[in-house]
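Remarks on the overall topology
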Amino acid sequence: MHRPNRQCRRFLWSGLILLLLLAGCGKRRLTVPVPGSPDLKVARSEIFGIASWYGDPFHGQRTSNGEVYDMQAMTAAHRTLPFQTVVRVHNLDNGKKTQVRINDRGPFVKGRIIDLSRAAAREIDMVGPGTAKVRLEILRIEAVIESLAIQVGSFTQKSRADALKRRLEGDYDPVTVSLVRTPRGVFHRVLAGNYPNRDKARKALKKLRSKGLEGFVMRRD
């Protein structure tokens, strides 16, 4: 059987060591200063890599942070960065850049580090190619301002929803009835209040339950 000579073996070992070093660099964590927030520790492989973009059929669906995905908004999905992180994306293929806010999780394809909305992808001429080599620059983490309500009821009959709305008005402002289409049919959903955080929404829910009503906290959008 042919045995590789010493020079060949040395070349094979050098290649193996290089691969191990490259793998280690990808996993090495970087400390990224974020103005107004604690520093982030992010793997280098989550900052340098391949970007992709997503539109239909995700448009109109819920993102991982509970928002409704709008492919015309300047948002993106990232596997590890906190929600509300604002990132400048540098397209290393053409030098163009765009700014997005992280509100979703993904992408889940090996080698890809960020999924841009269609609008963001268009800004860096990435819609046609579909992917691009990018570098992410973390700018800041925005404060989370939520718009929460208590869903008190959901009825197939609008008259019942309107009756509950009248009962709640005055104690919970605003009280709205919205139409929701589901595979099980059309429902009239009664939402009470508008709260900037979950603590205030839970306190209102506790008060509502003391009056013999049930409900749960949800986003108003």
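Scope of this entry: the structure provided in the associated data block. (Residues numbered from 1 in each chain as written. Predicted model: local features only at pLDDT ≥ 70, side-chain atom pairs only at ≥ 80, totals over all residues. Heavy atoms only, no water.)

Side note on the side chain of Thr-63
This is how the line gets drawn: Every helix listed is a DSSP run of H or I at least four residues long, and every strand listed is a run of E at least two residues long, numbered separately from the N terminus. Nitrogen and oxygen atoms within 3.5 Å of one another constitute a polar contact, given that in protein one can donate a hydrogen and the other can accept it, and given that sequence-neighbouring residues count only through two side-chain atoms. In what follows, a contact means two residues having at least one pair of non-hydrogen atoms within 4.5 Å.
With respect to the helices, strands and loops of the structure, Thr-63 is situated in the loop between strand E3 (48-54) and strand E4 (75-78). A distance of 3.1 Å separates a polar side-chain atom of Thr-63 from the backbone oxygen of Asn-103. Dropping the residues within four chain positions of it, Thr-63 is found in contact with Val-68, Tyr-69, Asn-103 and Asp-104.

Overview of helix H3 (residues 158-168)
For clarity, the threshold we go by: Using a 1.4 Å probe on the protein chains alone, a residue whose accessible area is under 20% of its type maximum counts as buried, one over 50% counts as exposed, and one in between counts as partly exposed. The arc in question is traced by the directions running from the helix axis to the C-beta atoms.
For H3, the set of buried residues is Ala-161, Leu-164 and Leu-168. Down the axis of H3, the buried side of the element spans an arc of 65°, and every buried residue falls inside it. Opposite the buried face of H3, by more than 90 degrees, sit the exposed residues Ser-159 and Arg-166. Against the buried residues of H3 lie strand E9 (148-155), strand E10 (175-182) and strand E11 (185-195). At the C-terminal side of H3, Gly-170 shows a positive phi close to 105°.

A short note on the side chain of Asn-103
Positionally, Asn-103 belongs in strand E6 (residues 97-104). Judged by its relative accessible area of 2%, Asn-103 falls in the buried class. A distance of 3.1 Å separates a polar atom in the side chain of Asn-103 from a polar atom in the side chain of Glu-67. The residues contacting Asn-103, other than those within four sequence positions of it, are Thr-63, Ser-64, Asn-65, Glu-67, Thr-75, Ala-76 and Phe-83.

Concerning helix H4 (residues 198-210)
Stated formally: By this rule, a helix spans an expected 1.5 Å times one less than how many residues it contains.
Its 13 residues give H4 an end-to-end C-alpha distance of 18 Å, which sits within 8% of 18 Å, the value for a rise of 1.5 Å per residue. Listing the buried residues of H4 in full gives Ala-201, Ala-204, Leu-205 and Leu-208. Axial view of H4: buried residues confined to an arc of 105°, hence all on one face. Across H4 from its buried face, at more than 90 degrees, point the exposed residues Asp-199, Lys-203, Lys-206 and Ser-210. The inward-facing, buried residues of H4 contact E9, E11 and strand E12 (216-219). Where H4 starts, the residue carrying a side-chain oxygen 3.2 Å from the main-chain nitrogen of Asp-199 turns out to be Asn-197.

Focus on the pattern of salt bridges
Where we set the bar: By definition here, a salt bridge exists when the distance from a side-chain nitrogen of Lys or Arg to a carboxyl oxygen of Asp or Glu is within 4 Å.
Counting across every chain of the model gives ten salt bridges. Across the pair Glu-67 and Arg-101 runs a salt bridge whose closest N-O atoms are separated by 2.9 Å. One end of the pair, Glu-67, is in the loop between E3 and E4; the other, Arg-101, is in strand E6, with 34 residues separating them in the sequence. An identical accessibility class is assigned to Glu-67 and Arg-101; each is buried. When the shortest N-O distance is used, the salt bridge between Asp-162 and Lys-158 registers 2.9 Å. Of the two residues, Asp-162 and Lys-158 both sit in helix H3, four residues apart, roughly one turn of that helix. Note on Asp-162: relative accessible area 22%, which makes it partly exposed.

What about the pairing of strand E8 (residues 131-141)?
Spelled out, the test is: Two strands qualify as a pair provided DSSP detects at least 2 bridges between them.
Two strands pair when backbone bridges link them, and E3 and E8 are joined in this way by five bridges, in the antiparallel orientation. Across the sheet, residue Gly-49 finds its bridge partner in E8, namely Val-134. The pairing of strand E5 (residues 85-91) with E8 spans seven bridges and is classified as antiparallel. Its bridge partner being in E8, Asn-91 is matched across the sheet by Val-134.

As for the nonpolar core
The condition is simple: Nonpolar core, defined: a set of buried Ala, Val, Leu, Ile, Met, Phe, Trp, Tyr and Cys residues in which side-chain atoms within 4.5 Å join the residues together.
Grouped together as the largest cluster of nonpolar side chains are 23 residues, with contacts concentrated most on Val-89, Val-100, Ile-114, Leu-116, Val-134, Leu-136 and Ile-138. At the level of secondary structure, the elements contributing two or more residues to this core comprise strand E1 (29-34), strand E2 (37-43), E5, E6, strand E7 (112-117), helix H2 (118-123) and E8. With near-sequence residues (within four places) excluded, Leu-116 lies in contact with Ser-52, Trp-53, Tyr-54, Tyr-69, Thr-75, Ala-76, Val-89, Val-100, Ala-121, Ile-124 and Met-126. Judged by nonpolar contacts, the second largest core, of 17 residues, contains Ala-161, Ala-192, Ala-201 and Ala-204.

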